[in-house]
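Inside the fold
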Amino acid sequence: MAKIVFGMNQSLDGYVDHQELPAPSPALFRHWIEHVRDLTGSVYGRRMYEAMRYWDEDRPEWSTEQHEFAAAWRRQPKWVVSRSMKSVGPNATLIADDVEVVIRRLKAKLTGEISASGPELAQSLTEMDLIDEYRLYLHPVVLGRGKPFFAGSRPPLRLAASERIGGEVIRLTYVPA
């Protein structure tokens, strides 16, 4: 059975604004490359999927690591939850209806980790009791605004692990209590 994991970079005050957070250190970027490479697949909300489409086509200015991340991202299956989109890109499947049923089937059919990406999607999956693990990547900045990591109700959680990644980021792993 697959495990659904919601994890994102965030500020100390709980916001997940990728345009405002500092660029990842080489160690953190390496962590994300390995994480994506090891995933069974990813479930995206529309906005997060549209942002991640940046990795669909190679760019000449990219570093070796960026090319590596893009290749790992392109290889993995993606499921995109959206009622407004009519189509999705390569290696992606659109989920417009019956989200809970589809995600429960994926969990039952697959093994490994499926990443859930996007705070609004995570809110819906939390309300459906589908997220098995929350990973908060805390950066030493305070933004004061942006999208909160927990977009809706805050589930009761239990700390399962903590890890320092690179010099300044702490990953806290929580499971439902």
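That block above? That's the structure.
So, here is what we can say about the structure in this document. (Residues numbered from 1 in each chain as written. Predicted model: local features only at pLDDT ≥ 70, side-chain atom pairs only at ≥ 80, totals over all residues. Heavy atoms only, no water.)

Points about the overall build of the protein
Keep this limit in mind: Secondary structure counts use DSSP, requiring at least four H or I residues in a row for a helix and at least two E residues in a row for a strand, with both numbered from the N terminus. Throughout, the radius of gyration refers to the C-alpha atoms, and the reference size of a globule is 2.2 Å times the residue count to the power 0.38. Residues count as neighbours in contact if any of their non-hydrogen atoms are within 4.5 Å of one another. Here the accessible surface of atoms and residues is derived via Shrake-Rupley with a 1.4 Å probe, and residues count as covered only by protein chains that are part of the display.
Each helix and strand in the protein was counted, giving five helices and eight strands. Taken from N to C terminus, the helices and strands of the protein fall in the order β-α-β-α-α-β-β-α-β-α-β-β-β. Expected size for 177 residues packed as a compact globule is a radius of gyration near 16 Å; at 16 Å, the protein falls within 12% of this value. Overall, the protein is about 45 × 40 × 30 Å in size when its C-alpha atoms are taken along their principal axes. Taking contacts inside the protein between residues at least 6 apart in sequence as the whole, the part at least 24 apart equals 70%. Carbon and sulfur atoms provide 50% of the accessible area of the protein, an area that totals close to 9300 Å².

Observations concerning the sheet that holds strand S5 (residues 113-117)
To keep things clear, this is the line we draw: In short, DSSP must find at least two bridges between two strands for them to pair. Lines fitted to the C-alpha atoms define the axes, with helices restricted to the stretch that makes contact. Angles between their N-to-C directions range from 0 to 180 degrees.
The eight strands lie next to each other as S4-S3-S2-S5-S1-S6-S8-S7, forming an open sheet whose pairing is mixed. Edge positions in the sheet fall to strand S4 (92-95) and strand S7 (157-165), since each of these pairs with one other strand and no more. Each adjacent strand pair in this sheet contributes to an overall mean axis angle of 25°, direction not counted. Of the strands in this sheet, strand S1 (3-11), strand S2 (41-45), strand S3 (78-81), S4 and S5 touch helix H4 (residues 99-109), which is tilted by about 140° from S4.

Digging into the packing of aromatic side chains
Filter applied, for reference: Side-chain rings of Phe, Tyr and Trp, where Trp is taken by its six-membered ring, are said to pair if the distance between their centres is within 6.5 Å; with planes under 30 degrees apart they count as stacked, over 60 as edge-to-face, and otherwise as tilted. As a reminder, the over-ring test applies to NZ of lysine and CZ of arginine, requiring each to be within 6 Å of the ring centre and within 35 degrees of the ring normal.
This model, assessed by the stated rule, comprises 12 aromatic pairs. Among the aromatic residues, ring-to-ring pairing joins Phe 29, Tyr 54, Trp 55, Trp 62 and Phe 69 into one connected group. A cation over a ring is seen here: Lys 78 above Trp 73, with NZ or CZ 4.3 Å from the ring centre.

Details of the nonpolar core
Note the cut-off: Definition of nonpolar core: a set of buried residues of the types Ala, Val, Leu, Ile, Met, Phe, Trp, Tyr and Cys, connected through side-chain atoms within 4.5 Å. For the exposure calls, accessible area comes from a 1.4 Å probe over protein chains only, and a residue counts as buried if that area is under 20% of its type's maximum, exposed if over 50%, partly exposed in between.
Counting 24 residues, the largest nonpolar core has Phe 6, Ile 103, Ile 114, Leu 125 and Phe 149 as its most contacted members. Listing elements by their share of this core, those giving two or more residues are S1, S3, H4, S5, helix H5 (119-127) and strand S6 (133-139). Ignoring sequence-local partners within four residues, the contact set of Ile 114 consists of Ala 2, Lys 3, Ile 4, Val 5, Thr 40, Gly 41, Ser 42, Val 43, Trp 79 and Leu 106. Counting residues in hydrophobic clusters, the runner-up holds 20 residues, among them Trp 32, Tyr 44, Met 52 and Ala 72.

Regarding H4
Our working rule: Regarding the arc, it is the one traced by the directions from the helix axis to the C-beta atoms.
Those residues of H4 that sit buried are Val 99, Ile 103, Leu 106 and Lys 107. Along the axis of H4, the buried positions cluster into a sector of 100°, meaning they face one direction only. Structural note: H4 exposes Arg 105, Ala 108 and Lys 109 on the side pointing more than 90 degrees away from its buried face. For H4, the elements touching its buried residues are S1, S2, S3, S4, S5 and H5.

A look at the packing of helix H1 (residues 26-38) against helix H3 (residues 64-75)
Which entries qualify depends on this criterion: Angles below 35 degrees are treated as roughly parallel, those above 145 as roughly antiparallel, those between 65 and 115 as roughly perpendicular, and all remaining angles as oblique. The crossing is said to be left-handed when, going from far helix to near helix, the turn is anticlockwise and less than a right angle, and right-handed when the turn is clockwise. Here the nonpolar group is Ala, Val, Leu, Ile, Met, Phe, Trp, Tyr, Cys and Pro; Asp, Glu, Lys and Arg are the charged ones; every other residue, Gly included, is treated as polar.
Between H1 and H3, the least distance of the axes is 8 Å, while the angle of their chain directions is 20°. In terms of orientation, H1 lies roughly parallel with respect to H3. Crossing angle aside, the handedness with which H1 passes H3 is left-handed. Residues Phe 29, Arg 30, Trp 32, Ile 33, Val 36 and Arg 37 of H1 lie in contact with H3, whose contacting residues are Glu 65, Gln 66, Glu 68, Phe 69, Ala 72, Trp 73 and Arg 75. When the residues that make up the contact of H1 with H3 are grouped by side-chain class, the tally is seven nonpolar, one polar and five charged.

Some remarks on the environment of Pro 156
Checked against the element boundaries, Pro 156 lands in the loop between S6 and S7. Remark: the alpha-carbon pair of Pro 156 and Val 175, spanning 19 residues in sequence, is separated by 8.6 Å.

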